[in-house]
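Each chain, letter by letter, is given below.
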Amino acid sequence: MKRFRRLRQNEIIRDLVKETRLSVKDFIYPIFVIDGENIKAPVKSMPNIYQYSIDKLPEILEEVKRSKITGIMLFGIPKIEDKDELATQAYSENGITQRAVRYIKANYPEILCITDVCLCEYTSHGHCGMVKDAEILNDETLPLLSKMAVSLARAGADMVAPSDMMDGRISAIRKALDSEGFKNTPIMAYSAKFASAYYGPFRDAANSAPCFGDRRSYQMDFSNGKEALREIEADIEEGADIVMVKPALAYLDVLKNAAATFNIPFAVYNVSGEYSMVKAAAMQGWIDEKRIVTENLIAMKRAGAKIIITYHALEMAKWLSE
Ligand code: PBG
Ligand code: ZN
C-alpha cells in the first residue's frame, strides 16, 4: 500500500510539502475611478466594490498600501455626456483615467499603476472599437488604442493592459509606445479574453455595456481552447510582455495549456461575475468565504498564473496576514 496519508498527518508536514502558496505579491487589485467630486458609489452587483472620484481615491489607496498589495488596475469612467463615437476621452490629456494616473503617481508613487486600454467605457455605444453600420471596425480602432496607451503612459502609467481584442493591437500599441519614448512601458495583453456572461457586474461598475448587440465578433468563443493558444502566440510575437487568460475559473484548462506551452509570465483575471457569485453565496451564509476564495485563488495559481487580478485581493491579503 502507498501511504499518502503520511504527509497529511499534521499542519507542519502539510505546509512543508505544499506545492502552491499565495502571496500578497501575486495580486493586482482593480479600482474604478469616476469623473466628478466627492463620490464613493457602491456598485450594486459587486458587494464592497465602489466607484471613487479622484478626491476619494486616498480612502482605497491607503487600504491597498496597508494590505501590502503592490499593484492596481485602473478603470476610468467618464461622464455620460463626455462619451462619443470616437472615444475622445480615452486618449485626451485630461481624460478621467489620465488625471487619475497623474494623481496616483504623484501621491502613491510606490503603487504599480496598470491601466486597462479599451474604448468601451468611453464610446457612446459602449463597444470596444469604432462602429460603422453596426460593424465593430478593427483596423480603424488600432490608432485610437495606440493613442490611448501613449497618453496613459505619458500620464505615468507603469504598464498598459489592452483588453479590446482587436487583431493587431499589440504590435500597434508597442510601435506607438516605442516611438513616443515609452520603450520601457510593459504591455500586459488580455490575450485569451472570452465573450463571457461573467463580465455582467463589471459593466455596472464601469458603465460600459454595449447599447446594441454583444461582443462576440471580437471576444473569443468560449467553446474554443486551441484558438486561445493562437491568440496568445500572436500577442507574444507582437510584443506582449505578459499575457492574460480571462475569465479565470471556467478557463483554467486554457490557462494550464497555455502556461505549459509558452515561456512568458501569465496573468489571470478573476472577473466580476466570479467575485459576485462568491460574495452572494457568502452573504447568505451558504459558503465559507475565506476558504472558498483561498481555494479558488490557489487553483488559478496551480493552473499556471503568476499574477492574479482579483476583487478579492484586499480581503485575501488580510487573511494571508492573519
Ligand atoms: C473592458 C473590460 C471588461 C473587463 C475588463 N476590461 C469588460 C468587457 O469586456 O465587457 C471585465 C472585467 C470584469 O468582469 O471584472 N473591455
Ligand atoms: Zn472594452
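Residues numbered from 1 in each chain as written. Chains lettered and ligands numbered in written order. Predicted model: local features only at pLDDT ≥ 70, side-chain atom pairs only at ≥ 80, totals over all residues. Heavy atoms only, no water.

Enquirer: What should I look at first to understand the site of ligand 1 in this one?
Expert: In the region of ligand 1, 19 residues are neighbours, and Lys-193, Arg-203, Lys-246, Ser-272 and Tyr-311 sit closest. Contact distances for ligand 1 include 2.9 Å between an oxygen atom and a side-chain N or O atom of Gln-219. Here Tyr-311 contributes a side-chain N or O atom positioned 2.6 Å from an oxygen atom of ligand 1. In isolation ligand 1 offers 400 Å² of accessible surface; the protein chains occlude 100% of this area. A majority-of-atoms criterion places ligand 1 in the largest cavity. Elements represented by at least two residues in the shell around ligand 1 include exactly β9 (188-193) and α6 (200-206). (Near = heavy atom within 4 Å. Polar contact = N/O pair within 3.5 Å; in protein donor to acceptor, adjacent residues only side chain to side chain. Areas by Shrake-Rupley, 256 points an atom, 1.4 Å probe, with all protein chains shown as cover. 1 Å grid on protein atoms, 1.4 Å probe; cavity = no way out; pocket = protein on both sides within 12 Å on 5 of 7 lines; lining within 4 Å. Sits in = over half its atoms within 2 Å of the grid points. Helix = DSSP H or I, 4+ residues; strand = E, 2+ residues; numbered from the N terminus.)

Enquirer: Would you explain the nonpolar core in this entry?
Expert: Within soluble globular proteins, side chains that are nonpolar tend to cluster in buried spots. In this structure, Ile-31, Met-73 and Met-188 are the most contacted members of the largest nonpolar core, which totals 114 residues. Among the elements that take part in this core, helix α4 (residues 142-155) stands out by supplying 9 residues, more than any other. Contact partners of Ile-31, with chain neighbours within four places excluded, come to Tyr-52, Leu-57, Ile-60, Leu-61, Val-64, Ile-72, Met-73, Leu-74 and Phe-75. (Core = buried A, V, L, I, M, F, W, Y, C linked by side-chain atoms within 4.5 Å. Buried < 20%, exposed > 50% of the residue type's maximum accessible area, 1.4 Å probe, protein only. Contact = heavy atoms within 4.5 Å.)

Enquirer: When you look at the side chain of Lys-246 in this model, what are you seeing that I'm missing?
Expert: Along the chain, Lys-246 turns up in strand β10 (residues 242-246). It turns out Lys-246 is buried and unbridged, and the closest side chain with the opposite charge, Asp-116, is 5.8 Å from it. When residues no more than four places from it in sequence are discounted, the contact partners of Lys-246 are Tyr-190, Ala-192, Lys-193, Phe-194, Tyr-199, Tyr-269 and Val-271. (Lys, Arg positive; Asp, Glu negative; His and termini not counted. Salt bridge = Lys/Arg side-chain N within 4 Å of Asp/Glu carboxyl O.)

Enquirer: Can you walk me through a nonpolar patch on the surface in this structure?
Expert: On the surface, a cluster of nonpolar side chains totalling about 300 Å² of accessible area is made up of Leu-7, Leu-16 and Val-17. Structurally, Leu-7 can be placed in the segment before α1 (11-16). Leu-7 sits in the partly exposed class, given a relative accessible area of 47%. (Patch = residues over 30% accessible without salt bridge, like charges linked within 9 Å, V, L, I, M, F, W, Y side chains within 5 Å.)

Enquirer: Teacher, can you tell me more about the packing of aromatic side chains here?
Expert: Within a pair of aromatic rings, the relevant descriptors are the distance that separates the centres and the angle that separates the planes. Following the criterion strictly, the structure yields 9 aromatic pairs and no others. Here Tyr-269 and Tyr-311 contribute two aromatic rings whose centre-to-centre distance is 6.1 Å and whose plane-to-plane angle is 45°, an arrangement assigned as tilted. On the criterion of sequence distance, the pair formed by Tyr-269 in strand β11 (residues 266-270) and Tyr-311 in the loop between β12 (307-310) and α11 (313-321) is long-range, its members being 42 residues apart. According to the relative accessible area criterion, Tyr-269 is buried, its value standing at 1%. Among the residues examined, Tyr-311 registers a relative accessible area of 2% and is labelled buried. Through a chain of ring-to-ring contacts, three or more aromatic side chains come together here, namely Phe-32, Phe-75, Tyr-190, Phe-202, Tyr-269, Tyr-275 and Tyr-311. Taking NZ or CZ as reference, Lys-40 lies 4.3 Å from the ring centre of Tyr-50, over its face. Taking NZ or CZ as reference, Lys-193 lies 5.5 Å from the ring centre of Tyr-199, over its face. (Phe/Tyr/Trp six-rings, centres within 6.5 Å; stacked < 30°, edge-to-face > 60°. Lys NZ or Arg CZ within 6 Å of the ring centre and 35° of its normal.)

Enquirer: What am I meant to see in the coordination of the zinc ion (ligand 2) here?
Expert: Metal coordination angles in their ideal form are 109.5 degrees for the four-donor tetrahedron and 90 or 180 degrees for the six-donor octahedron. Donor atoms from the polypeptide that bind the zinc ion (ligand 2) are Cys-118 (SG), Cys-120 (SG) and Cys-128 (SG), placed at 2.2 to 2.3 Å. One can describe the site at the zinc ion (ligand 2) as tetrahedral: its 4 donor atoms subtend angles covering 99 to 120° at the metal. All donor residues of the zinc ion (ligand 2) come from one chain, and their arrangement in sequence is C-x1-C-x7-C. The burial state of Cys-118 is the same as that of Cys-120; both residues are buried. (Donors = N, O, S within 2.8 Å, 3.2 Å for Na, K, Ca; no water. Tetrahedral: all angles 85-135°; square planar, octahedral: opposite > 155°, others 65-115°.)

Enquirer: I'm lost on the layout of surface pockets in this one. Help?
Expert: Remark: the empty space left among the atoms is shown by a probe the size of a water molecule rolled over them. Taken as a whole, the largest pocket spans an internal volume of roughly 560 Å³. Around the largest pocket, the lining is made up of 14 residues, and of these Arg-14, Lys-18, Glu-19, Thr-20 and Ile-298 lie nearest the centre. Those elements that provide at least two residues to the lining of the largest pocket are α1 and α10 (289-302). In the lining of the largest pocket, the residues fall into 5 nonpolar, 1 polar and 8 charged. Estimated volume of the second largest pocket: approximately 360 Å³. Lining of the second largest pocket is provided by 21 residues; of these, Glu-63, Ser-67, Leu-314, Glu-315 and Lys-318 occupy positions nearest its centre. Taken together, the elements giving at least two residues each to the lining of the second largest pocket come down to β3 (50-52), α2 (57-66) and α11. Top contributing element to the lining of the second largest pocket by residue count: α11, with 6 residues. Split into classes, the residues belonging to the lining of the second largest pocket amount to 11 nonpolar, 3 polar and 7 charged. (Points joined across faces, edges and corners; volume = space filled by probe spheres on them. Nonpolar A, V, L, I, M, F, W, Y, C, P; charged D, E, K, R; others polar.)

Enquirer: I'm lost on α2 in this one. Help?
Expert: Since the α-helix advances by 3.6 residues per turn, residues separated by three or four positions end up pointing in the same direction. Along α2, the residues that are buried comprise Leu-57, Ile-60, Leu-61 and Val-64. One face of α2 carries all of its buried residues, which in axial projection span an arc of 100°. Residues of α2 that are buried sit in contact with β1 (27-34), β3, β4 (71-77), α3 (96-107) and α11. Where α2 ends, the next residue or the one after it, Lys-68, has phi of about 70°, a positive value. (Arc of directions from axis to C-beta.)

Enquirer: Would you take a moment to explain the pairing of β1 for this structure?
Expert: In terms of residue burial, β1 counts as a mostly covered element, since 8 of its 8 residues are buried. What you see with β1 is no split at all: Phe-27, Tyr-29, Ile-31 and Val-33 on one side and Ile-28, Pro-30, Phe-32 and Ile-34 on the other are buried throughout. Two elements, β1 and β12, share 2 bridges in a ladder whose sense is parallel. If you follow Ile-28 over to β12, its bridge partner there is Ile-309. (Pairing = 2+ DSSP bridges.)

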